[in-house]
Amino acid sequence: MDDDDQIVISVEKGVTVVRLGTDFASIYESDLARLDGLRELANTATPARVVIDLSHTRYFGSAFVGLLMATAARLKERGNGQLAISGATPFATMALETTKVDTILSLFASVDDAVATLRPSA
């Protein structure tokens, strides 16, 4: 899923972290093909715990919200899977709250906070 250095995937304390770069400052429906790897990641991340860092994302539309929901559903189907969002800008937070996505996904100020909460028990 790596699109040069615009999508960086790492595993931190047992949690898969997806960092979206500055090319994803705005995410439109036409950009979703570049993020299609999220669906595969939902099938393969072990354990099934993923954080998406949106700290560079200023705008996204409903199609991206749908991708988040589909990814979260697939992770949950795998048993105890979770998807969290970190670094959401004020607009992103408002959009996620308005659409009630924040009731399904956890929102965190930072990747470190999300990883600390999602990491598997020792």
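I will try to describe carefully the structure that is included in this document. These numbers come from a predicted model, not from an experiment.

Cut-offs applied
- Residues numbered from 1 in each chain as written.
- Predicted model: local features only at pLDDT ≥ 70, side-chain atom pairs only at ≥ 80, totals over all residues.
- Heavy atoms only, no water.
- Helix = DSSP H or I, 4+ residues; strand = E, 2+ residues; numbered from the N terminus.
- Rg over C-alpha atoms; globule rule 2.2 N^0.38 Å.
- Buried < 20%, exposed > 50% of the residue type's maximum accessible area, 1.4 Å probe, protein only.
- Phe/Tyr/Trp six-rings, centres within 6.5 Å; stacked < 30°, edge-to-face > 60°.
- Salt bridge = Lys/Arg side-chain N within 4 Å of Asp/Glu carboxyl O.
- Pairing = 2+ DSSP bridges.
- Axes fitted to C-alpha atoms, helices over the stretch in contact; angles between N-to-C directions.
- Arc of directions from axis to C-beta.

1. Focus on the overall build of the chain
In step 1: Within the chain one finds four helices and seven strands.
In step 2: Reading the chain from its N end, one meets helices and strands in the order β-β-β-α-β-β-α-β-α-β-α.
In step 3: For the chain, the C-alpha radius of gyration of 13 Å lies close to 14 Å, the compact-globule estimate for 122 residues.
In step 4: Overall, the C-alpha framework of the chain stretches about 40 × 30 × 25 Å when taken along its three principal axes.

2. Description of unusual backbone geometry
In step 1: Following T46, the chain continues to P47 via a peptide bond in cis, the omega torsion being -5 degrees.
In step 2: With respect to the helices and strands, the residue P47 is situated in the loop between helix 1 (37-44) and strand 4 (49-53).
In step 3: Of note in the backbone geometry, K13 takes a positive phi value of approximately 50 degrees without being a glycine.
In step 4: Tracing the chain through its elements places K13 in the loop between strand 1 (7-12) and strand 2 (15-20).
In step 5: With a phi close to 65 degrees, K100 is a non-glycine residue in the positive phi region.
In step 6: Topologically, K100 is positioned in the loop between helix 3 (90-98) and strand 7 (106-108).
In step 7: Taking the relative accessible area as the measure of exposure, K100 reaches 53% and is therefore exposed.

3. As for the packing of aromatic side chains
Remark: the centre distance and the inter-plane angle together describe each pair of aromatic rings, the angle taken between the planes.
In step 1: Following the criterion strictly, the structure yields four aromatic pairs and no others.
In step 2: Ring centres of F60 and F91 lie 6.2 Å apart, and the angle between their planes is 65 degrees; on these two criteria the pair is classed as edge-to-face. Here F91 lies in helix 3 and F60 lies in strand 5 (residues 59-60), a separation of 31 residues in the sequence.
In step 3: By relative accessible area, F91 is classed as partly exposed at 30%.
In step 4: Taken together, the ring pairs in this structure connect Y28, Y59, F60, F64 and F91 into an aromatic cluster.

4. Considerations on the pattern of salt bridges
In step 1: Counting across every chain of the model gives four salt bridges.
In step 2: In this structure, the salt-bridge partner of D36 is R39, at a minimum N-O distance of 3.2 Å.
In step 3: On the accessibility criterion, D36 (42% relative accessible area) is partly exposed.
In step 4: We classify R39 as partly exposed; its relative accessible area is 42%.

5. Examining the sheet that holds strand 4
In step 1: Overall, mixed pairing links the five strands, which are arranged 1-2-4-6-7 in an open sheet. Edge strands, defined here as strands with exactly one partner in the open sheet, are strand 1 and strand 7. Each neighbouring strand pair of the sheet contributes to a mean axis angle of 25 degrees, computed without reference to strand direction.
In step 2: Looking at chain direction, strand 4 and strand 6 (residues 82-86) are connected through five bridges and run parallel.

6. Remarks on helix 3
In step 1: Where helix 3 is concerned, the buried positions are A92, A95 and L96. In an axial view of helix 3, the angular spread of the buried residues amounts to 95 degrees, which keeps them on one side of the axis. Counted as exposed and oriented over 90 degrees from the buried face of helix 3: P90 and T98.
In step 2: Once helix 3 finishes, K100 follows within two positions and takes phi at roughly 65 degrees, a positive value.

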